[in-house]
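Chain by chain, the residues:
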Amino acid sequence: MFYLGIDIGKFNHAAALMNQQGKVVATLPSFPNTRNGFQNLLALITEHLPPAEELRVGMEATGPYWIPLAEWLKTHGWIPVILNPIKTASLRNYGIRGAKTDNIDSVLIANTLRIEGEQPQPASPKLSDELRHFTRLRADMVKDRTRIGLRMTSLMDRLFPELLSSFSKTLSPSCLALLCEAPTPSKVLALGEEKLATLLHKASGGNLKATQAKEIMDKAAQSVGVSSQSMEEVLALLLEQINLINSQLKVVDHRITQLYEQAGVYFTSIGGVGTLSAATILAEYGSVTKFTQPKQMVAFAGIDPKLRNSGQHQGQVHISKRGPHYLRRALYLACQVVVRNDDYFHSIYQRHRDKGKSHKEAIIAVMNRFIHVLYAMWRDNRPYYPLTQA
């Protein structure tokens, strides 16, 4: 068995070929992330790999830069082992100086493969990869919308500080419709109570009553807001961004639903787990075949315990927070609802609360159990059946 370690860079990679005894047979200090560069790597392998000798390839999951090379290697029959950069960083620190160069790292990766004997993991289904693009985009878009909403609130606190208290949410359709039409007290008064009531009734789908229009009119008449043409112009631009994001989210949500339904999993059979949370969980985990036991899924999500003790110092236990934060957030939000809808998970939550744990600590305990249940469902390809209380 020979081992090929590849240090990944944005524009250039480095490779080292090592034999079973740990001797570096050949190195390629730098080759570009192009087809010609890949051919240079193939030439190195062809020249130095003995006939009929097995080759195991390893590389770090550095951003997206490893993906083209990994796919190219697969076409030549070598499925690479994808190493977590955290692991190779810890191995690097075993040295006194903790040196880091591309050549040293490629040798380190090859040696890691030789010593630990890691096997290539099953690839995530293509559908999960496609779904991940949309779920991560959606999370980022919602974050951008929230940021813009906070800036809008800051402007409204000067233009019309009394207005936003009339709405349960700043980014609700009725509030956005009013801000687009009449963002200042003078423009609300010019609009008139009847037109305002019609606008709110239509934007809210009939949920807002005429009394709310009168309330807003009264606030406009007594407002202490400061008039500013520049702030109104900025607000109009921010509203355009919000409306664009909202329209794009409808497209993204539709695509996520389509892809999730094609996957044929039963995550939403757990009461309180919606399609968007289920789709994110599926997209981030990829495939249940990557895991041989549920605690690996727990560690992958970064909610496994992390403790630092030294001498007489007893450190606090925290979750490791390694792994994709998109997955952790989806699990956290899902479990917030699950504990209100399922007696089994509620009993776990309540037991930890009775022990004096905080709400967050209790939810993390629920997340741990939730992943164990999810693993069994996914492995057996079956829906969730309510469990007895823990």
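Just so we're clear, the structure is a prediction, and the values are computed from it rather than from any experiment.

Enquirer: I'd like a description of the pattern of salt bridges, backed by residues and values.
Expert: As a working rule, side chains carrying opposite charge can pair if their charged atoms are close by. This model, assessed by the stated rule, comprises 10 salt bridges. When the shortest N-O distance is used, the salt bridge between Asp-253 and Arg-138 registers 2.4 Å. Within this pair, whereas Asp-253 is found in helix H10 (residues 229-263), its partner Arg-138 is found in helix H5 (residues 126-159), the two being separated by 115 residues in sequence. When its relative accessible area of 21% is taken as the criterion, Asp-253 is described as partly exposed. Across the salt bridge formed by Asp-380 and Arg-379, the nearest N and O atoms sit 2.9 Å from each other. Taken together, the salt bridges that share partners define one network made up of Arg-379, Asp-380 and Arg-382.

Enquirer: Outline the packing of H10 against helix H11 (residues 275-285), supporting the account with residue identities and numerical values.
Expert: Viewed as axis vectors pointing N to C, H10 and H11 meet at an angle of 65°, and their least axial separation amounts to 10 Å. The handedness of the crossing between H10 and H11 comes out as left-handed. The residues of H11 that touch H10, namely those facing Asp-253, Ile-256, Thr-257, Tyr-260 and Ala-263, are Thr-275, Leu-276, Ala-278, Ala-279 and Leu-282. Classifying every residue of the contact of H10 with H11 by side-chain character gives 7 nonpolar, 2 polar and 1 charged.

Enquirer: So, the sheet that holds strand E3 (residues 24-32): which residues are in play, and what are the values?
Expert: Spatially, E3-E2-E1-E4-E5 is the arrangement adopted by the 5 strands of the open sheet, whose pairing is mixed. Looking at which strands have only one partner, the edges of the open sheet turn out to be E3 and strand E5 (81-83). Geometrically, the sheet is characterised by an average inter-axis angle of 20° between neighbouring strands, direction not taken into account. Direction of pairing for strand E4 (residues 55-60) relative to E5: parallel, over a ladder of 3 bridges. Its bridge partner lying in E5, Met-59 is registered against Ile-82. Of the strands in this sheet, strand E1 (2-7), strand E2 (12-18), E3 and E4 are in contact with helix H1 (residues 35-48), which crosses E3 at around 170°. Contacting E1, E2, E3 and E4, helix H2 (residues 67-75) crosses the sheet at an angle of about 170° to E4.

Enquirer: Go over the confidence of the model for the chain, please, and point to the residues and values.
Expert: Chain-level pLDDT for the chain is 89 on average; 91% of the residues reach the 70-or-more range. Predicted confidence for residues 95-100 stays below pLDDT 50, and this span has 7 contacts to residues more than four positions away or in other chains.

What counts, and where the lines are drawn
- Residues numbered from 1 in each chain as written.
- Predicted model: local features only at pLDDT ≥ 70, side-chain atom pairs only at ≥ 80, totals over all residues.
- Heavy atoms only, no water.
- Salt bridge = Lys/Arg side-chain N within 4 Å of Asp/Glu carboxyl O.
- Helix = DSSP H or I, 4+ residues; strand = E, 2+ residues; numbered from the N terminus.
- Buried < 20%, exposed > 50% of the residue type's maximum accessible area, 1.4 Å probe, protein only.
- Axes fitted to C-alpha atoms, helices over the stretch in contact; angles between N-to-C directions.
- Left-handed = near helix turned anticlockwise from the far one by under 90°.
- Contact = heavy atoms within 4.5 Å.
- Nonpolar A, V, L, I, M, F, W, Y, C, P; charged D, E, K, R; others polar.
- Pairing = 2+ DSSP bridges.
- pLDDT = per-residue confidence, 0-100.

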